[in-house]
Amino acid sequence: DAMGVKVDRYRFWATIVAETPDAPPDQARRPARRPDDELVDAFVAGAAHLVEVLRGADQSASCWTWAPWQQDVAFVTRHQVQEAAVHHWDAVNAAGDSLVLDPAVAADSVDEFLHFSVASEHDQDDPPAGALDGALVLRATDTGDAWTLTDSDRPGALHVERHPDRRPPIRALQ
């Protein structure tokens, strides 16, 4: 049923971008789930429609998103790139093959995850976690990006800073 959900989500986000509402569309406006024999065609058509809508949209236009501190079309576009990359990797991996993601997309995925999925100083709804009590630095050796995570002033939340990584690559032990 995951494909049926994804088909719905493509239509959902295309509606958000096209109509730029300040709240999510009512559940009653969501289309009914397609029959199984129509899912692949609906998936392909929905993805193509979403790409078309995103390409033609004003990225700075305000619209509802699930990220309270970024309510614009640019967030929807960025997140849909991350969604497509993750699901593409999942499908290829499930088929027993491998997929190398574009390094810039992978680095942006890390950045989005750290800023939107980890309890941060921006999201007051996330429950506090234990203190980090130090700094954690993540390095993307293929893009030169780095992220430093430290405790924020809000107990249990993190401050995330993305910056260029100017240190030489670390050699893996073999």
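Presented here is a report on the structure given in the accompanying data block. (Residues numbered from 1 in each chain as written. Predicted model: local features only at pLDDT ≥ 70, side-chain atom pairs only at ≥ 80, totals over all residues. Heavy atoms only, no water.)

## Quick notes on the pairing of strand S1 (residues 135-140)
- Bridge count for S1 against strand S2 (residues 145-151) is 6 bridges, and the pairing is antiparallel. The residue of S2 that forms the bridge with leucine 138 is tryptophan 147.
- Between S1 and S2, which follow one another and run antiparallel, lie 4 residues, and glycine 144 among them has a positive phi close to 80 degrees. (Pairing = 2+ DSSP bridges. Helix = DSSP H or I, 4+ residues; strand = E, 2+ residues; numbered from the N terminus.)

## Thoughts on the packing of aromatic side chains
- Within this structure, the stated rule accounts for 8 aromatic pairs.
- An angle of 85 degrees between the planes, with centres 6.1 Å apart, marks the rings of phenylalanine 12 and tryptophan 64 as edge-to-face. Here phenylalanine 12, found in helix H1 (residues 2-19), pairs with tryptophan 64, found in the loop between helix H2 (39-56) and helix H3 (73-94); they are 52 residues apart in sequence, far enough to count as distant. In this structure, phenylalanine 12 and tryptophan 64 share a single accessibility class: buried. (Phe/Tyr/Trp six-rings, centres within 6.5 Å; stacked < 30°, edge-to-face > 60°. Buried < 20%, exposed > 50% of the residue type's maximum accessible area, 1.4 Å probe, protein only.)

## Digging into the pattern of salt bridges
- With the rule as written, the count across this model stands at 6 salt bridges.
- A salt bridge links aspartate 111 to arginine 78, with the shortest nitrogen-to-oxygen separation between them at 2.8 Å. Linking aspartate 111 in helix H4 (residues 103-116) with arginine 78 in helix H3, this pair joins segments that are 33 residues apart in sequence. The same class applies to aspartate 111 and to arginine 78, which are both buried.
- Residue arginine 162 is joined to aspartate 111 by a salt bridge in which the shortest nitrogen-to-oxygen separation is 3.7 Å. Of this pair, arginine 162 sits in strand S3 (residues 158-164) while aspartate 111 sits in helix H4; the two residues are 51 residues apart in sequence, bridging distant segments of the chain.
- What makes arginine 162 partly exposed here is its relative accessible area of 33%.
- One salt-bridge network, in which partners are shared between bridges, spans Arg78, Asp108, Asp111, Asp145 and Arg162. (Salt bridge = Lys/Arg side-chain N within 4 Å of Asp/Glu carboxyl O.)

## A short note on the side chain of glutamine 80
- Here glutamine 80 shows up in helix H3.
- In this view, glutamine 80 contacts Tyr10, Trp13, Leu50 and Leu54; residues no more than four positions away in its chain are not counted. (Contact = heavy atoms within 4.5 Å.)

## Details of the nonpolar core
- Counting 16 residues, the largest nonpolar core has Trp13, Ile16, Val17, Leu50, Val73 and Val76 as its most contacted members.
- At the level of elements, H1, H2 and H3 are the ones that each hand at least two residues to this core.
- Here this core gets 6 residues from one element, more than from any other, and that element is H1.
- With near-sequence residues (within four places) excluded, valine 17 lies in contact with Val53, Leu54, Ala57, Val73 and Val76. (Core = buried A, V, L, I, M, F, W, Y, C linked by side-chain atoms within 4.5 Å.)

## Points about the layout of surface pockets
- In this structure, the largest pocket spans a volume of roughly 180 Å³.
- Lining the largest pocket, in full, are Tyr10, Ala47, Leu50, Val51, Leu54, Arg55, Thr77, Gln80, Val81 and Ala84.
- Of all elements in the fold, only H2 and H3 reach the threshold of two or more residues within the lining of the largest pocket.
- Per-element tally for the lining of the largest pocket: the top contributor is H2, with 5 residues.
- Considering only residue class, the lining of the largest pocket consists of 7 nonpolar, 2 polar and 1 charged. (1 Å grid on protein atoms, 1.4 Å probe; cavity = no way out; pocket = protein on both sides within 12 Å on 5 of 7 lines; lining within 4 Å. Points joined across faces, edges and corners; volume = space filled by probe spheres on them. Nonpolar A, V, L, I, M, F, W, Y, C, P; charged D, E, K, R; others polar.)

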